[in-house]
Amino acid sequence: MTLLLAGDIGGTKTLLSLWRSGSDGLERLVEERFVSAAWDDLAPMVRHFLATAGVAGGTPPAAACFAVAGPVEGGQAQLTNLPWRLDTDGLARSCGLANLELVNDFAVLIYGLPHLEAAQVAPVREGRRDPQAPLLVLGAGTGLGVAMGLPTGAGLRAIPSEAAHGEFAPRCQPEWELKQWLKDDLDLERVSIERVVSGTGLGHVARWLLGCRHPDGDHPLSARARLWRDAGDGPARADLPAEVAMAAAAGDRLAADALDLWLGAYGSVCGDLALASLSRGGLWLAGGTAAKLLDSLRTPSFLEPFLNKGRLRSTLEPMPITAVLDPGVGSFSAACRARMLLG
């Protein structure tokens, strides 16, 4: 049995897990959730986890991969929402790990995608996958994650991306008006893609429509929208997008229009980035919205803007789109990468 250590390190929570790697694949043995801010650094958390899991003093994991919420450069990472400065070599020495890698928490998904089982995914659009071509993963959650995978002789290589921070390009008059409203409402000089194409973006789209159609605040979602806007990054922030999706499913016209506009923007961005990467290996949709809005992603509201690229439509026609349903895909992917480090 080969023991692997995987970590999904975020500003709010950290998941550490031990995995067994064998001829039958990966098996998770134990997992523990930590409040990230309760620890001064990652190293003491890892040592505590290994001790409680019964590893300390015995044979350490053969390899470890930590997916971190922030960019990784030269084996070092500064977490976006924590004062932790992580260094691969220092962390490995402190925790007694001979083989360790830090990877961006979205780019790490590239390493898990080829190994996902049927229950962890669902088709959005059928197509022909070229195993020798790049693949692309996008994830609309609180923000928008983007990463590309390049096939190599040693397996996929993850290429992180900040494409979500490119300029949002309106395709129609409503999107243009939305963009101008976002600039004013959020006091922005420019509007990035993820301001619209994210779970948070769906909330902004709904707020814009509520202001246009119900300026007196007489819509059932009006009060929630005000609370969501005033809460900033507080607990109420996560409520409005989910409530918009539920209201759309229940037949509310404004919510349905908000969701339709959002799906169109998401589909168009997916098509643009698929062309930029020529991801004939397939497009994968992760993030919190993939499972929640699976049926909506299968509709023309999303798929037609994805394909609507003029003369390049034929390039996208064969490309399959797959939704990742497993909320634990980050830890699984980190374990897959740890296994790759063994050669």
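Residues numbered from 1 in each chain as written. Predicted model: local features only at pLDDT ≥ 70, side-chain atom pairs only at ≥ 80, totals over all residues. Heavy atoms only, no water.

On to the overall build of the protein chain, then. Broken down by element type, the protein chain carries 13 helices and 14 strands. Whereas a compact globule of 343 residues would reach a radius of gyration of roughly 20 Å, the protein chain reaches 21 Å, a difference of no more than 12%. Oriented by its inertia axes, the alpha-carbon framework of the protein chain measures out at about 65 × 45 × 35 Å. Buried positions account for 50% of the 343 residues belonging to the protein chain. At a minimum sequence separation of 6, the contacts of the protein chain that also span at least 24 residues come to 67%. The centroid of the 31 positive side-chain charges in the protein chain is displaced by 4 Å from the centroid of its 38 negative side-chain charges. (Helix = DSSP H or I, 4+ residues; strand = E, 2+ residues; numbered from the N terminus. Rg over C-alpha atoms; globule rule 2.2 N^0.38 Å. Buried < 20%, exposed > 50% of the residue type's maximum accessible area, 1.4 Å probe, protein only. Contact = heavy atoms within 4.5 Å. Lys, Arg positive; Asp, Glu negative; His and termini not counted. Charge placed at Lys NZ, Arg CZ, Asp CG, Glu CD.)

Before going further, it helps to examine the packing of aromatic side chains. Geometry of an aromatic ring pair is reported as the spacing of the ring centres plus the angle between the planes. Applying the stated criterion across every chain yields a total of four aromatic pairs. Considering the side-chain rings of F34 and W39, the 5.7 Å spacing of their centres and the 80° angle between planes classify their relative orientation as edge-to-face. Residue F34 is classed as buried on the basis of its relative accessible area of 5%. Counting every residue linked through ring pairs, the aromatic cluster contains W262, Y266 and F302. Above the face of the Y111 ring, R337 is positioned so that its terminal group lies 4.5 Å from the ring centre. (Phe/Tyr/Trp six-rings, centres within 6.5 Å; stacked < 30°, edge-to-face > 60°. Lys NZ or Arg CZ within 6 Å of the ring centre and 35° of its normal.)

Evaluated as defined, the whole model comprises 18 salt bridges. Where E167 meets R190, a salt bridge forms, and the shortest distance between an N and an O atom there is 3.1 Å. Here R190 lies in the loop between helix 4 (173-186) and helix 5 (199-213) and E167 lies in the loop between strand 12 (155-160) and helix 4, a separation of 23 residues in the sequence. When its relative accessible area of 37% is taken as the criterion, E167 is described as partly exposed. Given the relative accessible area of 37%, R190 is considered partly exposed. Note that R229 is salt-bridged to D185, the shortest N-O span being 3.2 Å. In this pair, R229 is assigned in helix 6 (residues 222-230) and D185 in helix 4, connecting sequence segments 44 residues apart. Its relative accessible area of 24% is what places D185 among the partly exposed residues. (Salt bridge = Lys/Arg side-chain N within 4 Å of Asp/Glu carboxyl O.)

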